[in-house]
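Residue strings, one per chain:
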Amino acid sequence: NVVLSAATGITTRAVVTSGGTITVASSGATGDVSLEGNIQATNTGLAVATPAISVSSGRDLFVGSANASATSITSLTSGAIVLNAARDIDLKRSDAGNSTANTAINASGNLAITAGGAIAKTDPNSLTASGQTIDLSYGTTLVNTVLFGPAVAMRITKTSGDLVVGSQTGPALVFNATAGD
């Protein structure tokens, strides 16, 4: 298993495990997490909801860097991917045109993305995200330019205000506004 934790923020490059899980956690209120290289965990036997990869930020979580936005997150064979941020999650950080590469977030199990603020994508290049069940929970804004591909279901929850969702497809869609319409 790989465990990285800090109170003031974490920046990673590539992290790869074979037969272990990956946990990245920054607990401080100003501690951003920036994933600037591919993250991949290969495991057998994990349940669909058991995290193979878990990333948690006390403030913002960025996937990609200002120099290269093409950072992929993958759980191979089994296990979920869980991404949490107290404020915003940028699933594909803008690299100001330095790379035209596509990015993918692929979970063999479930994919859960929770942001106290926005779930965003600031780079214009393609981003796909897949999992058995995809759970998206956010407080302010949900980007509509990510190609989400749930195999079983997708649940979208807005924790403040009204829920407005752009075009989404999937075998089963569940929408919830916990503090609005």
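Everything discussed here concerns the structure shown above.
What this report covers is the structure whose coordinates are included nearby.

1. Structural notes on the overall build of the protein chain
Counting its regular elements, the protein chain contains 0 helices and 17 strands. Here the C-alpha atoms of the protein chain give a radius of gyration of 15 Å, agreeing with the 16 Å that 2.2 N^0.38 yields for 181 residues. In terms of principal-axis extent, the alpha carbons of the protein chain reach across some 40 × 35 × 35 Å. Going through the 181 residues of the protein chain one by one, you find that 46% of them count as buried. Partitioning the contacts of the protein chain with sequence separation of at least 6, the portion at a separation of at least 24 is 54%. When the accessible surface of the protein chain is split by element, carbon and sulfur atoms take 51% of a total near 7600 Å². Taken as two groups, the 8 positive and 10 negative side-chain charges of the protein chain have centres that lie 3 Å from each other.

2. Digging into the pattern of salt bridges
Counted under the stated rule, the structure contains 5 salt bridges. In this structure, Asp60 engages Arg87 in a salt bridge whose closest nitrogen and oxygen atoms are separated by 2.6 Å. One end of the pair, Asp60, is in the loop between β7 (51-57) and β8 (61-63); the other, Arg87, is in the loop between β10 (80-85) and β11 (89-90), with 27 residues separating them in the sequence. The structure contains a network of salt bridges with shared partners spanning Arg13, Glu36 and Arg93.

3. As for the nonpolar core
Counting residues in each nonpolar core, the largest one holds 37 residues, and the members touching the most others are Leu83 and Leu91. The element contributing the most residues to this core is strand β15 (residues 127-138), with 5 residues. Apart from residues no more than four positions distant in its own chain, Leu83 is found in contact with Val55, Leu61, Ile73, Ile89, Leu91, Ile105, Ala112, Ile113 and Thr114.

4. Some details on the pairing of β7
Burial of β7 is extensive: 5 of the 7 residues sit out of reach of the surface. Direction of pairing for strand β4 (residues 22-26) relative to β7: parallel, over a ladder of 5 bridges. In the sheet register, Val24 faces β7, and the bridge partner there is Val55.

5. Side note on the environment of Ala179
In this fold, Ala179 is placed in the segment after β17 (173-177). Judged by its relative accessible area of 48%, Ala179 falls in the partly exposed class. If we ignore the near neighbours within four places in the chain, the residues touching Ala179 are Lys158, Thr159, Ser160 and Gly161.

6. Description of the pairing of strand β9 (residues 73-76)
With 4 bridges joining them, strand β6 (residues 39-42) and β9 adopt parallel strand pairing. Looking across to β9, one finds that Gln40 is bridged to Thr74. Across 3 bridges, β9 lies against strand β12 (residues 103-107) in parallel orientation. Bridge pairing in β12 places Ser75 opposite Ala107.

7. Points about the packing of aromatic side chains
Geometrically, a pair of aromatic rings is defined through the distance of the ring centres and the angle of the planes. Enumeration according to the criterion identifies 0 aromatic pairs in this entry. Across the ring face of Phe62, the terminal group of Arg93 is positioned such that the distance to the ring centre comes to 4.1 Å.

8. Overview of the environment of Gly79
In this structure, Gly79 sits in the loop between β9 and β10. In sequence terms Gly79 and Ala107 are 28 residues apart; their C-alpha atoms lie 6.9 Å from each other. Ignoring any residue separated from it by four or fewer positions in sequence, one finds Gly79 in contact with Leu46, Ala47, Val48, Thr50, Ala52, Ala107, Ser108, Gly109 and Asn110.

9. Examining the sheet that holds β11
What the 5 strands build is an open sheet, ordered β2-β5-β8-β11-β14; its pairing is parallel. This sheet does not close on itself; its edge strands, each paired only once, are β2 (10-12) and β14 (119-120). Here β8 runs beside β11; their pairing, made up of 2 bridges, is parallel. Among the inter-strand pairings, Leu61 is bridged to a residue of β11, identified as Ile89.

Rules used in this analysis
Residues numbered from 1 in each chain as written. Predicted model: local features only at pLDDT ≥ 70, side-chain atom pairs only at ≥ 80, totals over all residues. Heavy atoms only, no water. Helix = DSSP H or I, 4+ residues; strand = E, 2+ residues; numbered from the N terminus. Rg over C-alpha atoms; globule rule 2.2 N^0.38 Å. Buried < 20%, exposed > 50% of the residue type's maximum accessible area, 1.4 Å probe, protein only. Contact = heavy atoms within 4.5 Å. Areas by Shrake-Rupley, 256 points an atom, 1.4 Å probe, with all protein chains shown as cover. Lys, Arg positive; Asp, Glu negative; His and termini not counted. Charge placed at Lys NZ, Arg CZ, Asp CG, Glu CD. Salt bridge = Lys/Arg side-chain N within 4 Å of Asp/Glu carboxyl O. Core = buried A, V, L, I, M, F, W, Y, C linked by side-chain atoms within 4.5 Å. Pairing = 2+ DSSP bridges. Phe/Tyr/Trp six-rings, centres within 6.5 Å; stacked < 30°, edge-to-face > 60°. Lys NZ or Arg CZ within 6 Å of the ring centre and 35° of its normal.

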